[in-house]
Amino acid sequence: MTLTYVSTRGAAPELGFADVLLAGLAVDGGLYVPERWPALPVGALGRFASMDYPAVAVEVMWPFVEGSIPRDDFEVAVRDAYASFDTPDVVPLRDIGDDLHLAELWHGPTLAFKDIALQLVGRLFDLELRRRSERVTIVGATSGDTGSAAIEALRDRDTAEVFILHPAGRVSEVQRRQMTTVLSPNIHNLAVEGTFDDCQDIVKALFADESFRTRRNLSAVNSINWARVMAQIVYYVTSAVRLGGASGRPVAFSVPTGNFGNVFAGYGAQRMGVPISQFVVASNRNDILTQFLTTGSMTIGEVHPTLSPSMDIQVSSNLERLLFEIGGRDGTEIAELMTRFRAEGTVSVEAERLDLLAEHWSAARIDDEVTAGTIARTFERTGIALDPHTAVGLAAAEQVRADRSVPMVVLSTAHPAKFPDAVESAIGTRPPLPAPLADLFDRPERYEVLPNDYGIVRRAIEDALGS
Ligand SMILES: *Cc1c(COP(=O)(O)O)cnc(C)c1O
């Protein structure tokens, strides 16, 4: 049975998977969600226990893509995507005592969890564009992780020309080199002399430029893309299965959260039938989500830089998907709510809506001091060096864990070598880059430095694309 997708704001056409994949955002400004949540077949969790990660991934995702992409093509894309990981487990679990488990989401090519979704989404994009004989120009802004994951996913593909803007001098050297040492002809790195927000404004302006947008067939692979959420549902399933989920044993997850895409995928897994008893939404000092989940209101504030930069975010776009679900899937209501939020910078939901989350959802705000302390303490106790995002997840899990007899999975979202300064200052030694990236600092880079000026950036892109 083919699923269609509806917009959270209720005023965009219903689309099939392939159209949702290429569209990203809905035309009414909303986010696409499946018209209903497919249930895992009876006995599926038991069968998954003896299957490898790609096989489980195909089974879990198939109901979302069926009718849009041929089964054989989908299986090949999934196998290839996860063959780029450095372990056949793809997402290994590590027991750190006290029934706490790290699910390591960073075994892909760029050492952060974005690879899990983007390695697959890049291949699905390519597949669908080929089928349509189309080419796209992908434009994106990055503060670090997403850019490199998108570049790795799309390098050397002749269906996409990729332009990634990063703020010059404001991403870490590891992050910059992971992008700029990819010398594939379809990859273009633009270092803009401004902040991440300036980069994002330029990207928004490019998309708002109707003639440029259509002429160049602009597209994005940002975190609101449904296909990214879909790919992330899988490791909630495999982790739960590994910890006894097949016999109905509940499992809890703590998720270091920024844009809310990762934890919303967990919600999807729960709706499909995975026995998840608790979600811990872990934030750093930028705690708008903790505010929301504990009070029902949220107010946009300033973004504070922290040790966990990939979570330095004020507006978590994917929260809109959860609001849509708890609001009874009323698109008109969400459209009003989001318009108000944008205009007034603050929004509240009624107590009875929030109550729907009370049973399964908790949140905690972890400051830099506790983050550093958690890295140090965990290293002493287990010998494991945590990256700062994972440390936020672990500290939050320890603070608000509801039931110690339930296994708690902390999603480990980055390899420690990706954030070496924070880790070194906590444990005294610098975590080494894994072998495939060991020579990263010796590789030649290619990027263009441009002033923070829309017209100049646009011209640079036009020049690279040719006529
Ligand atoms: C993107 C990212 C996050 C946040 O994930 P969301 O899906 O945006 O909530 C957390 N940690 C790391 C290392 C990331 O790259």
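Placed above this text is the structure.
Because the structure is predicted, anything quoted here is derived from the model rather than measured.

Peer 1: Residues and numbers for the nonpolar core, please.
Peer 2: If you look at the biggest cluster of nonpolar residues, it comprises 109 residues, and the most contacted ones within it are F17, Y82, W226, I233, Y236, V237 and W361. Considering each element in turn, this core owes the most residues, 12 residues, to helix 10 (residues 226-242). Beyond its immediate stretch of four places on either side in the chain, Y236 contacts F253, V255, N262, V263, A265, G266, A269, V274, I276, F279 and L411. Among the nonpolar cores identified, the runner-up in size contains 24 residues, and V280, A364, A395 and V406 belong to it.

Peer 1: Describe the sheet that holds strand 8 (residues 218-219), listing the residues and the values that go with them.
Peer 2: Sheet strands pair via backbone hydrogen bonds, and the direction of the pair is either parallel or antiparallel. With parallel pairing, the 5 strands of this open sheet are ordered in space as 8-5-6-7-15. Edge positions in the open sheet fall to strand 8 and strand 15 (448-451), since each of these has one partner strand only. Alignment of strand 6 (residues 160-167) against strand 7 (residues 187-193), held across 6 bridges, turns out to be parallel. Bridge pairing in strand 7 places V162 opposite I187. Across the sheet, helix 8 (residues 196-208) lies against strand 5 (136-141), strand 6, strand 7 and strand 8, angled at about 150° from strand 5, the strand it touches most.

Peer 1: Tell me about the packing of helix 10 against helix 11 (residues 261-272), and please be specific about residues and values.
Peer 2: Axis separation between helix 10 and helix 11 bottoms out at 8 Å; the angle between their running directions is 65°. Note on packing geometry: the crossing formed by helix 10 with helix 11 is right-handed. Together, V229, Q232, I233, Y235, Y236 and V237 of helix 10 and G261, N262, V263, F264, A265, G266, G268, A269 and M272 of helix 11 make up the contact between the two elements. The class makeup of the residues in the contact of helix 10 with helix 11 is 10 nonpolar, 5 polar and no charged.

Peer 1: Can you tell me about helix 10, naming the residues and giving the values?
Peer 2: In a regular helix each residue adds 1.5 Å, so 17 residues correspond to 24 Å; helix 10 covers 26 Å between its end C-alpha atoms and thus fits that length. For helix 10, the N-terminal cap is N225; the gap from its side-chain oxygen to the backbone nitrogen of A227 is 3.0 Å. Positive backbone phi, approximately 100°, marks G244, located one or two places after helix 10.

Peer 1: For the environment of P167, give the residues involved together with the corresponding values.
Peer 2: Inspection of the secondary structure puts P167 in strand 6. Between the alpha carbons of P167 and C199 there is a distance of 6.6 Å; along the sequence they are 32 residues apart. If near-sequence neighbours (up to four positions away) are discounted, P167 is found in contact with T142, V192, G194, T195, F196 and C199.

Peer 1: An account of the pattern of salt bridges is needed here, citing residue identities and associated values.
Peer 2: With the rule as written, the count across this model stands at 35 salt bridges. The salt bridge involving D98 is made with R401; its shortest N-O contact spans 3.8 Å. Residue D98 is found in the loop between strand 3 (93-95) and strand 4 (100-104), and its partner R401 is found in the loop between helix 17 (388-400) and strand 14 (408-412); the two are separated by 303 residues along the sequence. Its relative accessible area of 12% is what places R401 among the buried residues. Among the charged side chains, a network of salt bridges with common partners joins D209, R215, R216, R458 and E462.

Peer 1: Tell me what's going on with helix 7 (residues 173-180), and back it up with residues and numbers.
Peer 2: Of all 8 residues that make up helix 7, 7 are buried, and the element is covered over most of its length. Taken residue by residue, helix 7 has V174, Q175, R176, R177, Q178, M179 and T180 as its buried positions. Contacts made by the buried residues of helix 7 are with helix 6 (145-154), strand 6, strand 7 and helix 18 (420-427).

Peer 1: How would you summarise the pairing of strand 4 if you had to cite specific residues and measurements?
Peer 2: The element strand 4 is largely enclosed, with a buried count of 5 among its 5 residues. Burial along strand 4 is two-sided: the face carrying L100, L102 and E104 and the face carrying H101 and A103 are both buried. Bridge analysis of strand 3 against strand 4 gives 3 bridges, and the strand direction is antiparallel. In the strand pairing of strand 4, D95 is matched with H101. Between strand 3 and strand 4, which pair antiparallel one after the other, the connecting turn spans 4 residues, and G97 there sits at a positive phi close to 90°. Sheet analysis places strand 4 next to strand 14, joined by 5 bridges and oriented parallel. Opposite H101, over in strand 14, you have V409 as the bridge partner.

The rules behind these values
Residues numbered from 1 in each chain as written. Predicted model: local features only at pLDDT ≥ 70, side-chain atom pairs only at ≥ 80, totals over all residues. Heavy atoms only, no water. Core = buried A, V, L, I, M, F, W, Y, C linked by side-chain atoms within 4.5 Å. Buried < 20%, exposed > 50% of the residue type's maximum accessible area, 1.4 Å probe, protein only. Helix = DSSP H or I, 4+ residues; strand = E, 2+ residues; numbered from the N terminus. Contact = heavy atoms within 4.5 Å. Pairing = 2+ DSSP bridges. Axes fitted to C-alpha atoms, helices over the stretch in contact; angles between N-to-C directions. Left-handed = near helix turned anticlockwise from the far one by under 90°. Nonpolar A, V, L, I, M, F, W, Y, C, P; charged D, E, K, R; others polar. Expected span 1.5 Å × (residues − 1). Polar contact = N/O pair within 3.5 Å; in protein donor to acceptor, adjacent residues only side chain to side chain. Salt bridge = Lys/Arg side-chain N within 4 Å of Asp/Glu carboxyl O.

These figures capture arrangement, not role.
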